[in-house]
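# Remarks on the overall topology
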Amino acid sequence: MRVLLVEDEAVLRSQLRQLLEQAGYAVDEAADGQAALHLGTTEPYDAVVLDLGLPVLDGLTVLQRWRSQGRAMPVLILTARDSWHEKVSGIDAGADDYLAKPFHAEELLARLRALVRRAHGLASPLLQHGDVTLDTRTGTVTQNGLTVNLTAHEYRLLAYLMHRVGQVVSRAELVEHLYAQDFDRDSNTVEVFVARLRRKLGATLIETIRGMGYRLAPTP
Ligand code: CA
């Protein structure tokens, strides 16, 4: 999952980036509204954390422009404490949820998980596929109740597919959603990670759809 983090306060931005990366997200960041608008318009994100008070272009305007361009990714806005009108205008502008500053790291992560899962019509933070269970809260994967150790990249790839069971996901899409913008992207690495996941979780878990990509086939 790839997230855009928009926050102008450098210290908070760097703390949030670290938090999100530890939680398994690929993170791009923007420090002002103009940069945010550009990234959110041109890059695909699974979710956005958007501070409203931003230099150059305020967060509300950025959000309104995204929505008027048809950009539908889930957006969590960060609002000033006790500013109910910011929350109202944010939600009216197309925000999916809000969090008032200061907030607890765990709450941000929980709300973000919920947004990503709702965007895929999933109700539970526990994703199940056959005998594989992925707990989005803890970032752990089990198979038949036994813990399977995955690297951060393997986990990210599996989580992406498990949010989209039954859908064919192209290699290009995977590359775009698994890596941050400044990462040295090489679509061959996707194949490597798929091979490793098959070794760890069974050869039949991830299907290759020739010329199209990969899929977790729906289980009976
Ligand atoms: Ca700010």
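Higher on the page you've got the structure.
This report concerns the structure included in the present document.

## Structural notes on the sheet that holds strand E6 (residues 126-129)
- Within the open sheet, the four strands sit side by side as E6-E7-E8-E9. Their pairing is antiparallel. Across the chains shown, the open sheet's two edge strands, defined by having one partner strand only, are E6 and strand E9 (146-148). On average, adjacent strands in this sheet sit at an angle of 30° to one another, irrespective of strand direction.
- Pairing of E6 with strand E7 (residues 132-135), which is carried by four bridges, proceeds in the antiparallel orientation. Bridged to His129 within E7 is Val132.
- Across the sheet, helix H6 (residues 152-162) touches E6, E7 and strand E8 (140-143), and the angle it forms with E7 is around 105°.

## Some words on the sheet that holds strand E2 (residues 26-30)
- The sheet built from five strands is open, its strands ordered E2-E1-E3-E4-E5 with parallel pairing. The open sheet has two edge strands, E2 and strand E5 (97-100), and neither has a second partner. Sheet twist, expressed as the average angle between the axes of neighbouring strands with direction ignored, equals 20°.
- Relative to E2, strand E1 (residues 2-6) is paired through five bridges, and the arrangement is parallel. Paired with Leu4 across the bridge in E2 is Asp28.

## Looking at the coordination of the calcium ion
- Distances from the calcium ion to its protein donors, Asp8 (OD), Asp51 (OD) and Gly53 (O), fall within 2.2 to 2.3 Å.
- Written as a sequence motif, the donor residues of the calcium ion are D-x42-D-x1-G.
- The exposure class assigned to Asp51 is buried, which follows from its relative accessible area of 5%.
- Residue Gly53 is classed as partly exposed on the basis of its relative accessible area, which comes to 47%.

## Describing the side chain of His177
- Mapped onto the secondary structure, His177 falls in helix H7 (residues 171-178).
- When its relative accessible area of 8% is taken as the criterion, His177 is described as buried.
- Within the structure, the side chain of His177 is placed 3.4 Å from the side chain of Tyr160, a separation counted as a polar contact.
- Beyond its immediate stretch of four places on either side in the chain, His177 contacts Met1, Arg2, Pro44, Tyr45, Asp46 and Tyr160.

## Describing the environment of Asp131
- Of note, Asp131 is situated in the loop between E6 and E7.
- Using a relative accessible area of 36% as the deciding quantity, one classes Asp131 as partly exposed.
- Once the C-alpha coordinates of Asp131 and Tyr25 are considered, the two residues, 106 residues apart in sequence, prove to be 24 Å apart.
- In terms of polar contacts, Asp131 uses its side chain to reach the side chain of Gln143, at 3.3 Å.

## Details of the packing of aromatic side chains
- What the rule picks out here adds up to zero aromatic pairs.
- Stacked on the ring of Tyr160, the Lys or Arg Arg164 has its end atom at 3.4 Å from the ring centre.

## A word on the layout of surface pockets
- If you add up the space inside the largest pocket, you get close to 350 Å³.
- Lining the largest pocket are 19 residues, with Ala23, Gly24, Tyr25, Thr136 and Tyr155 sitting closest to its centre.
- The set of elements that each furnish at least two residues to the lining of the largest pocket consists of helix H1 (10-22), helix H5 (105-119) and H6.
- Considered class by class, the residues forming the lining of the largest pocket number eight nonpolar, six polar and five charged.

## A few points about the pattern of salt bridges
- One pass over the full model with this rule turns up 18 salt bridges.
- Here Asp28 and Arg2 are joined by a salt bridge, their closest N and O atoms 2.6 Å apart. Highlighted residues: Asp28 in strand E2 and Arg2 in strand E1, separated in sequence by 26 residues. The exposure classification of Asp28 matches that of Arg2, with both residues buried.
- One salt bridge connects Arg137 with Asp135, and the closest N-O pair in it is separated by 3.0 Å.
- Residue Arg137 is classed as partly exposed on the basis of its relative accessible area of 46%.

How each quantity is defined
- Throughout this document, residue positions are counted from 1 along each chain, in the order its sequence is written.
- Residues qualify for local features only when their pLDDT is at least 70, as the model is predicted, and side-chain atom pairs are given and counted only at 80 or more; totals for whole chains, interfaces and linings, by contrast, use all residues.
- Derived side-chain values reflect all non-hydrogen atoms in the structure, with water molecules and hydrogen atoms excluded from consideration.
- Two strands are counted as paired when DSSP detects at least two bridges linking them.
- What counts as a helix is a DSSP run of H or I of at least four residues, what counts as a strand is a run of E of at least two, and both are numbered from the N terminus.
- For helices, the fitted line uses only the C-alpha atoms of the stretch in contact; every axis is such a line through C-alpha atoms, and the angle between N-to-C directions lies from 0 to 180 degrees.
- A contact between two residues is defined here by any heavy atoms of the two lying within 4.5 Å.
- The donor set covers N, O and S atoms within 2.8 Å of the metal, switching to 3.2 Å for Na, K and Ca, and it leaves out water, so a site may look short of donors.
- Only protein chains enter the area calculation, which uses a 1.4 Å probe; residues under 20% of their type maximum are buried, those over 50% are exposed, and those in between are partly exposed.
- For the purposes of these results, a polar contact is taken to be a pair of N or O atoms within 3.5 Å, where, inside protein, one atom must be able to donate a hydrogen and its partner to accept one; residues adjacent in sequence count only when each atom of the pair is a side-chain atom.
- Any two of the Phe, Tyr and Trp rings considered here, Trp counted by its six-membered ring, make a pair once their centres fall within 6.5 Å; the pair's planes then place it as stacked at under 30 degrees, edge-to-face at over 60, or tilted in between.
- Whether a charge sits over a ring depends on NZ of Lys or CZ of Arg being within 6 Å of the ring centre and within 35 degrees of the ring normal.
- Space inside and on the surface of the protein is sampled on a 1 Å grid over the protein atoms alone, with a cavity defined as a set of points where a 1.4 Å probe fits but cannot get out and a pocket as an open set with protein on both sides within 12 Å along at least 5 of 7 lines; lining residues have an atom within 4 Å of a point.
- Grid points are joined across faces, edges and corners, and a volume is the space filled by probe spheres set on the points.
- All amino acids are sorted into three groups, where Ala, Val, Leu, Ile, Met, Phe, Trp, Tyr, Cys and Pro are nonpolar, Asp, Glu, Lys and Arg are charged, and the leftover types, Gly among them, are polar.
- What counts as a salt bridge is simple: a side-chain nitrogen of Lys or Arg found within 4 Å of a carboxyl oxygen of Asp or Glu.

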